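# A closer look at the structure
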Amino acid sequence: MSRSIDYGNLMHDAMRGLIRKVLQDVSDNGLPGAHHFFITFDTSHPDAELADWLSDRYPGEMTVVMQHWYDNLDVGDEGFAVTLNFGDAPEPLYIPYDAIRTFVDPSVEFGLRFETQQDEDDEDAPVAEATPMPAKMPATRKITEEPAEAAAEDDTEKSGDAEVVSLDSFRK
């Protein structure tokens, strides 16, 4: 068996470290300007801590927002604790970094998505993959009159670059 570099898990660790650093800065200095976070996490993660009524209501995942009101933000090496307001009821949460599925700051259109994929050789071994994601989806779509096969070839050649097409030619 040959050894290989596990880029997926290395990226995973680096992106979770970035989240830790951002949260530590917010803990030390508060949220600057219009920054705010949408954090989606796995509520069934064994180290996640949340009220029973929240885990019953959100058995798989939950998205929390850190914006106007949050309290007791405590950032650790393995996760963070924060108290958030749910319907005028403050609730403490502990979210391990490994439980985070998405981290988005829409004020600057920054986002991360953490995905797990099954390894082909070992179905029980999760492989973590962290990918940057846009906070907003693009407002334009490529419009073409080419057949589907030609459009697919064109898309691969441009490697995902968007093309804006005027709709004037389609107007009557």
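What you see as residue numbers is a count from 1 along each chain, following the sequence as written. Local features in this predicted model are restricted to residues of pLDDT 70 or higher, and side-chain atom pairs are both shown and tallied only at a pLDDT of 80 or more, whereas totals for entire chains, interfaces and linings draw on every residue. The side-chain quantities take in all heavy atoms of the structure and omit both hydrogens and water.

## Regarding the confidence of the model for the protein chain
Summary of the metric used: pLDDT quantifies the predictor's per-residue confidence within the range 0 to 100. The predicted model of the protein chain has a mean per-residue pLDDT of 74, with 66% of residues at 70 or higher. When mean pLDDT is taken per element in the protein chain, strand E1 (residues 37-42) scores highest with 94 and strand E8 (residues 126-132) scores lowest with 38. By definition, any uninterrupted DSSP run of H or I lasting at least four residues is a helix, any uninterrupted run of E lasting at least two residues is a strand, and each is numbered from the N terminus.

## So, the sheet that holds strand E3 (residues 70-75)
With antiparallel pairing, three strands are arranged side by side in an open sheet as E3-E4-E5. Of all the strands in the sheet, just E3 and strand E5 (89-96) have a single pairing partner and so form its edges. Taken over all neighbouring pairs, the strand axes of this sheet differ in orientation by 15 degrees on average, direction set aside. Any two residues whose heavy atoms approach within 4.5 Å at even a single point are treated as in contact. Axis definition: a line fit to C-alpha positions, over the contact stretch in the case of helices; interaxial angles, taken between N-to-C directions, run 0 to 180 degrees. Sheet strands in contact with helix H1 (residues 7-29) are E3 and strand E4 (79-86), and its direction is about 130 degrees off that of E3. Here, a strand pair is defined by DSSP locating no fewer than two bridges between the strands.

## A closer look at the packing of aromatic side chains
Ring pairs are drawn from Phe, Tyr and Trp, using the six-membered ring of Trp, whenever the two centres fall within 6.5 Å, and their geometry is named by plane angle: stacked under 30 degrees, edge-to-face over 60, tilted for the rest. Per the stated rule, a full pass over the model turns up three aromatic pairs. When the ring of Phe37 is compared with that of Phe103, the centres are 5.0 Å apart and the planes differ by 35 degrees; the resulting orientation is tilted. In this pair, Phe37 sits in strand E1 while Phe103 sits in strand E6 (residues 100-105), placing the two residues 66 residues apart along the sequence. When sorted by exposure, Phe37 lands in the same class as Phe103, which is buried. Here Arg16 stacks its cationic end above the ring of Phe114, 3.7 Å away from the centre of that ring. Note on exposure labels: buried denotes an accessible area under 20% of the residue type's maximum, exposed denotes more than 50%, and partly exposed covers the range between, all computed with a 1.4 Å probe on protein chains only. Here, a charge over a ring means that NZ of Lys or CZ of Arg falls within 6 Å of the ring centre while also lying within 35 degrees of the ring normal.

## Side note on the environment of Glu91
As for its position among the elements, Glu91 is in strand E5. Looking at Glu91, the relative accessible area reads 16%, which means it is buried. Each C-alpha atom of the pair Glu91 and Ala51 lies 7.1 Å from the other, and the pair is 40 residues apart in sequence. Beyond its immediate stretch of four places on either side in the chain, Glu91 contacts Ala51, Trp53, Leu54, Val82, Thr83, Leu84 and Phe86.

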